[in-house]
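Per-entry structural report
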There are 2 protein chains.
Amino acid sequence: MKILAICGSLRAASINAALLRTARRLAPPEIEVTLCSLLGELPLFNPDLEAALPASVALLHAQVAAADALLIASPEYAHGVTGVIKNMLDWLVSFEPFVNKPVAVLNASPRAHHADAALRETLKTMSAVIVETASISVPLLGSGIAEPAMASTPAIAQPLRDALAALRNALAPSPSISGTTFPVGPP
Amino acid sequence: MKILAICGSLRAASINAALLRTARRLAPPEIEVTLCSLLGELPLFNPDLEAALPASVALLHAQVAAADALLIASPEYAHGVTGVIKNMLDWLVSFEPFVNKPVAVLNASPRAHHADAALRETLKTMSAVIVETASISVPLLGSGIAEPAMASTPAIAQPLRDALAALRNALAPSPSISGTTFPVGPP
């Protein structure tokens, strides 16, 4: 199972990026989490360019098409989504493989609800399938927890493991196919 | 009085850009409307770059600082603001001259309310002053009216003239200073 992890901030020290890297670290062997590094490379969306896609957009399309699910973590800027995450989504609006794509939305700042709600509204409008059981809040903002400690902090690691399991189960809903519920015990 | 007009779409045939150009055409001599051509030149917002601003961002800051008011027209993409307009605003979040800046928000597609509401929420969060009397809906989307005809179509031209007058009056609230109410008669 391939998950494409997408961070809506370009800041090097982004806690959303740290959260996604931690999810990658915690993922069981059957789940491959890849961090999308294209968001900062995309041009600003221009419908006039859609006839001959810029290379970075074509690459984004290929990565999204190849992913079984998307895992998005994006901050809130001024009570709105970041321009960075919306710009990426704008390039996916008319991209057919995005339709019915399972998406989990992580929120690292539970007090910030405007961006989370706007992001979900846009994803639904684009016909993505938001996997609610995998879309969790992780109260990271202001917690002061450094990235190396995230994977060993139960209040962060366990919800992330559960979210990954929920995403996997959403993709393979029948227990007889997907096997026992993950996790079966301590790692 | 200097108005900086800002279009949230980069499409060459954007009706929002056409609407702003029509506003420029209709503006009385004392109102100078300048179309901002920087939105497509801005890099994607990255807080790490704020210490040494990219040239296009520095230019945007200068244009915003020099403007008495902003006039924004931006489409809705997938029930959200465009990445292009939010990216520009993200670069203005910590820019002190934006605080208390009078802003009018035009909506060329009155049936689209998500982006309009989200844009206003962000502008208010950034401490702009939304001039409600100048923030109007102009039912352009789907009307089929070509740009050259907009200035001579009363249903479009008159609301635009009224919006410009409202913006001017908001900047010079005392009639004894700003003179008689515009428009005083046919142009």
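Residues numbered from 1 in each chain as written. Chains lettered and ligands numbered in written order. Predicted model: local features only at pLDDT ≥ 70, side-chain atom pairs only at ≥ 80, totals over all residues.

1. Some remarks on the pairing of strand 4 (residues 102-106) of chain A
One face of the sheet, then the other: side chains in a regular strand alternate in exactly this way. All names here are of chain A. Among the five residues in strand 4, four count as buried, and that is most of the element. Following the backbone out of strand 3 (residues 69-73), through helix 3 (residues 83-90) and into the adjacent parallel strand 4, one traces a crossover that is right-handed. One ladder, built from two bridges, connects strand 4 with strand 5 (residues 129-130); its direction is parallel. Across the sheet, Pro102 pairs through a bridge with Val129, a residue of strand 5. The handedness of the strand 4 to strand 5 crossover, carried by helix 4 (residues 114-125), is right-handed. (Buried ≥ 20, exposed ≤ 12 C-beta atoms within 10 Å, placed from the backbone. Helix = DSSP H or I, 4+ residues; strand = E, 2+ residues; numbered from the N terminus. Right-handed = clockwise from strand over helix to strand, strands pointing away. Pairing = 2+ DSSP bridges.)

2. Structural notes on the confidence of the model for chain A
The share of residues in chain A with pLDDT of 70 or more is 92%, and the mean pLDDT across the chain is 92. We note a pTM of 0.91 for the whole complex and an ipTM of 0.91 for its interfaces. (pLDDT = per-residue confidence, 0-100.)

3. Some words on the interface of chain A and chain B
Each partner contributes residues to the interface: chain A has 28 residues there, and chain B has 28 residues. Breaking the side of chain A that touches chain B down by element, the ones donating at least two residues are helix 3 and helix 4 of chain A. Sorting elements by how many residues they give to the side of chain A that touches chain B places helix 3 of chain A first, with six residues. Grouping the amino acids of the side of chain A that touches chain B by side-chain chemistry returns 13 nonpolar, ten polar and five charged. (Contact = placed C-beta atoms within 7 Å. Nonpolar A, V, L, I, M, F, W, Y, C, P; charged D, E, K, R; others polar.)

4. A short note on helix 3 of chain A
It helps to recall that an α-helix has 3.6 residues per turn; residues three or four apart then point in one direction. Buried residues dominate helix 3 of chain A, accounting for eight of its eight residues. Taken together, the buried positions of helix 3 of chain A are occupied by A:Gly83, A:Val84, A:Ile85, A:Lys86, A:Asn87, A:Met88, A:Leu89 and A:Asp90. Close packing links the buried residues of helix 3 of chain A with helix 2 (55-66) and helix 4 of chain A together with helix 3 (83-90) of chain B.

5. Regarding the sheet that holds strand 2 (residues 32-35) of chain A
All names here are of chain A. Pairing within the open sheet is parallel, and its five strands lie in the order 2-1-3-4-5. Each having just a single partner strand, strand 2 and strand 5 make up the two edges of the open sheet. In this sheet, strand 2 lies alongside strand 1 (residues 2-7) in parallel orientation, the contact comprising four bridges. In the strand pairing of strand 2, Ile3 is matched with Val33.

6. A word on the packing of helix 3 of chain A against helix 3 of chain B
Two elements in contact, helix 3 of chain A and helix 3 of chain B, have axes whose closest approach is 8 Å; the angle formed by their N-to-C orientations is 165°. The angle between helix 3 of chain A and helix 3 of chain B falls in the class roughly antiparallel. Relative to helix 3 of chain B, the crossing made by helix 3 of chain A is left-handed. On helix 3 of chain B, the residues that touch A:Gly83, A:Lys86, A:Asn87 and A:Asp90 of helix 3 of chain A are B:Gly83, B:Lys86, B:Asn87 and B:Asp90. Considering only residue class, the contact of helix 3 of chain A with helix 3 of chain B consists of no nonpolar, four polar and four charged. (Axes fitted to C-alpha atoms, helices over the stretch in contact; angles between N-to-C directions. Parallel < 35°, antiparallel > 145°, perpendicular 65-115°, else oblique. Left-handed = near helix turned anticlockwise from the far one by under 90°.)

7. Thoughts on the packing of helix 1 (residues 15-26) of chain B against helix 6 (residues 154-171) of chain B
Residues and elements named next belong to chain B. The N-to-C vectors of helix 1 and helix 6 enclose an angle of 70°; their axes lie 10 Å apart at closest approach. One way to sum up the angle between helix 1 and helix 6 is to call them roughly perpendicular. Between helix 1 and helix 6 the crossing geometry is right-handed. Contacts between helix 1 and helix 6 involve Thr22, Ala23 and Leu26 on the former and, on the latter, Ile156, Ala157, Leu160, Arg161 and Leu164. Considering only residue class, the contact of helix 1 with helix 6 consists of six nonpolar, one polar and one charged.

8. Things to note about helix 1 (residues 15-26) of chain A
All names here are of chain A. Between its first and last C-alpha atoms helix 1 spans 16 Å; for twelve residues at 1.5 Å apiece the expected length is 16 Å, and the two agree. Within the sequence span of helix 1, burial applies to Ile15, Asn16, Ala17, Ala18, Leu19, Leu20, Thr22 and Ala23. Those residues of helix 1 that are buried are in contact with strand 1, strand 2, strand 3, strand 4, helix 5 (147-150) and helix 6 (154-171). (Expected span 1.5 Å × (residues − 1).)

9. Observations concerning the environment of B:His79
Summarising the element assignment, B:His79 is placed in the loop between strand 3 (69-73) and helix 3. It is 28 Å that separates the C-alpha atoms of B:His79 and B:Ser56, two residues lying 23 residues apart in sequence. Excluding its chain neighbours within four sequence positions, the residues that come into contact with B:His79 are A:Glu121, A:Thr122, A:Thr125 and B:His114.

10. A closer look at the sheet that holds strand 3 of chain B
Sheet strands line up and pair through hydrogen bonds in the backbone, either parallel or antiparallel. Residues and elements named next belong to chain B. Strand order in this open sheet of five strands is 2-1-3-4-5, and the pairing throughout is parallel. Only two strands of the sheet have a single neighbouring strand rather than two, namely strand 2 (32-35) and strand 5 (129-130). Sitting on the sheet, helix 4 (residues 114-125) is in contact with strand 4 (102-106) and strand 5, with an inclination near 175° to strand 4.

11. Focus on the relation of the copies chain A and chain B
Both copies of the chain are placed relative to one another by a rotation about an axis and a shift along it. Of the two same-sequence chains, chain A is brought onto chain B (RMSD 0.0 Å, axial shift 0.0 Å) by a rotation of 180°. Such a combination of turn and shift is consistent with a two-fold rotation axis. Closest approach to the rotation axis within chain A is made by the C-alpha atom of A:Gly83, at a distance of 2.3 Å. By residue overlap, the copies meet face to face through one surface: 100% of the interface positions of chain A are interface positions in chain B. (Least-squares fit on C-alpha atoms with pLDDT ≥ 70 in both.)

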